[in-house]
Amino acid sequence: MADTFPRTSRPADPFRRPTLQDVAERAGVSRALVSIVVRGAPGASASTRARVLAVADELGYRPDAHARLLARQRARLLGVTVQLGHPFHADVVAGLYPAVERYGYELVLSATAPGRDERRAVETLLDYRSEGLILVAPDAAETTLAVLARRLPTAVLARRVQAEQVSVVRTADDVGVGQAVDHLVGLGHRSIAHVDGGALPAAEDRRDGYRSAVRRHGLDPWPVAGGQSEEDGARAARELLAQGLPTAVVCFNDRCAVGLLDVLIRTGVRVPDDISVVGFDDSQLARLSHINLTTVGQDVERMAELAVAELVDRIDGCLPENPAAPTGPAHRPAGGPVRETVLPPRLVVRGSTSRPAGR
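Residues numbered from 1 in each chain as written. Predicted model: local features only at pLDDT ≥ 70, side-chain atom pairs only at ≥ 80, totals over all residues. Heavy atoms only, no water.

## Observations concerning the overall build of the protein
How we decide: Helix and strand assignments come from DSSP, with helices taken as H or I runs of at least 4 residues and strands as E runs of at least 2, each series counted from the N terminus. The classification of residues rests on relative accessible area computed with a 1.4 Å probe and restricted to protein chains. Under 20% of the type maximum is buried, over 50% is exposed, and intermediate values are partly exposed. Note on contacts: a residue pair qualifies if any of its non-hydrogen atoms lie within 4.5 Å across the two residues. The Shrake-Rupley method, run with a 1.4 Å probe, gives the accessible areas here. Residue values count only the displayed protein chains as cover.
The helix and strand inventory of the protein stands at 13 helices and 12 strands. Each of the 359 residues in the protein was classed as buried or not, and the buried ones make up 52%. Look at the contacts in the protein between residues 6 or more apart in sequence, and 65% of them connect residues 24 or more apart. Working note: accessible area of the protein is about 17400 Å², and carbon and sulfur atoms make up 52% of it.

Structural data, given as structure tokens:
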């Protein structure tokens, strides 16, 4: 079977990382000249530059990113906290990478997971000399976020925060859930439950949006305890099965909706014939063909662009002269009042919703 990657002539020890000195010896030049070439600095002829780069590629040499950080005055890093296994967080990170590259910054990610809390994730980002922080749907108290924002520019995504100095970019969650309810009512549903997010970020806004929407249509609220995970959705499904099913349900997020779908389908409930299901986020999970979930979408690319532009503005004092860079806010010193940008949601209709049986 052919190798996936081209073979390279590496040092004798396969676990030893090639160095500038290895490249210099192989190319027959000084270590200083190799450093000039790999940094893209002037001082080497075109032929020498081509020879050094060819040798570097042959040896598999890559510059030491940590050493470069130590050598320069600024890190130009934006730190990001994410939750492992969360599709929406993965979508946000995918949007952040092209956004930071337009400003000449890089991302460093630090994940929360069972046994690794948000505080530890943030401490790691500070240890890496991050110049600004992007916290995706953080759990921390607003007082904690305010303290952090006084230390360095901080942007919070997908959560309402009133803490002074924290920049916020979020979706109008209440409007999004209202869109979901309106869609279901338009199909003829009169019995619509909501699997709640409890104390999770954005849960209160989504809960308020649900209550307002069902009451606007003259319906009674049907709240069900839930959460953000598939297990939470599965537990909510079992509760609904015990109570007697509504004709439709709006879930806190896509993961919760998928857990609910799994239990319903395994017990013989047909979706959407017997019950319609709506999620929230329009994550990659919702787009899978065998799930095909109707959901409320968040504009994660725009969310990422705005958060990065805001932090760069606070860090650098003004946006870089780059025609490809998105338009950002006017400069203000770090530590000013909170700035909140609320983006409109969009309903994405797929195969998990339809008219109720008999209509």
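## Brief notes about the environment of Leu-59
Within the secondary structure, Leu-59 is located in helix H3 (residues 46-59). For Leu-59, a relative accessible area of 3% gives the class buried.

## Here we look at the nonpolar core
To keep things clear, this is the line we draw: Among the buried residues, those of types Ala, Val, Leu, Ile, Met, Phe, Trp, Tyr and Cys that are joined through side-chain atoms within 4.5 Å form a nonpolar core.
Grouped together as the largest cluster of nonpolar side chains are 30 residues, with contacts concentrated most on Leu-96, Ile-134, Leu-157 and Val-308. Only strand S1 (77-83), helix H5 (87-101), strand S2 (106-112), strand S3 (132-136), strand S4 (154-157) and helix H13 (300-316) provide two or more residues apiece to this core. Among the elements that make up this core, the one with the highest residue count is H13 (9 residues). Setting aside anything within four residues of it in sequence, one finds Leu-96 in contact with Val-80, Leu-107, Ile-134, Ala-304 and Val-308. In terms of nonpolar packing, the next biggest core, distinct from the first, is built from 23 residues, Ala-193, Cys-251, Leu-261 and Ala-286 among them.

## A word on the packing of helix H10 (residues 230-243) against helix H11 (residues 254-266)
A packed helix pair is summarised by two numbers, namely the angle formed by the two axes and the spacing between the axes. Here is the rule: Structural elements are reduced to axes, namely lines fitted to C-alpha atoms, with helices fitted over the stretch in contact, and the angle between N-to-C directions of any two is expressed from 0 to 180 degrees. Any angle between 65 and 115 degrees counts as roughly perpendicular, while under 35 counts as roughly parallel, over 145 as roughly antiparallel, and the rest as oblique. Left-handed describes a crossing in which the near helix is turned anticlockwise from the far one by less than a right angle; the clockwise case is right-handed. Lys, Arg, Asp and Glu make up the charged group, whereas Ala, Val, Leu, Ile, Met, Phe, Trp, Tyr, Cys and Pro make up the nonpolar group; the residues left over, Gly among them, are polar.
At a minimum axis separation of 6 Å, H10 and H11 run at an interaxial angle of 45 degrees. In terms of orientation, H10 and H11 fall into the oblique class. The interaxial crossing formed by H10 with H11 has right-handed handedness. Of the residues in H11, those touching H10 at Glu-230, Asp-232, Gly-233, Ala-234, Ala-237, Arg-238, Leu-240 and Leu-241 are Arg-255, Cys-256, Gly-259, Leu-260, Val-263 and Leu-264. Each residue belonging to the contact of H10 with H11 can be placed in one class, and the counts come to 8 nonpolar, 2 polar and 4 charged.

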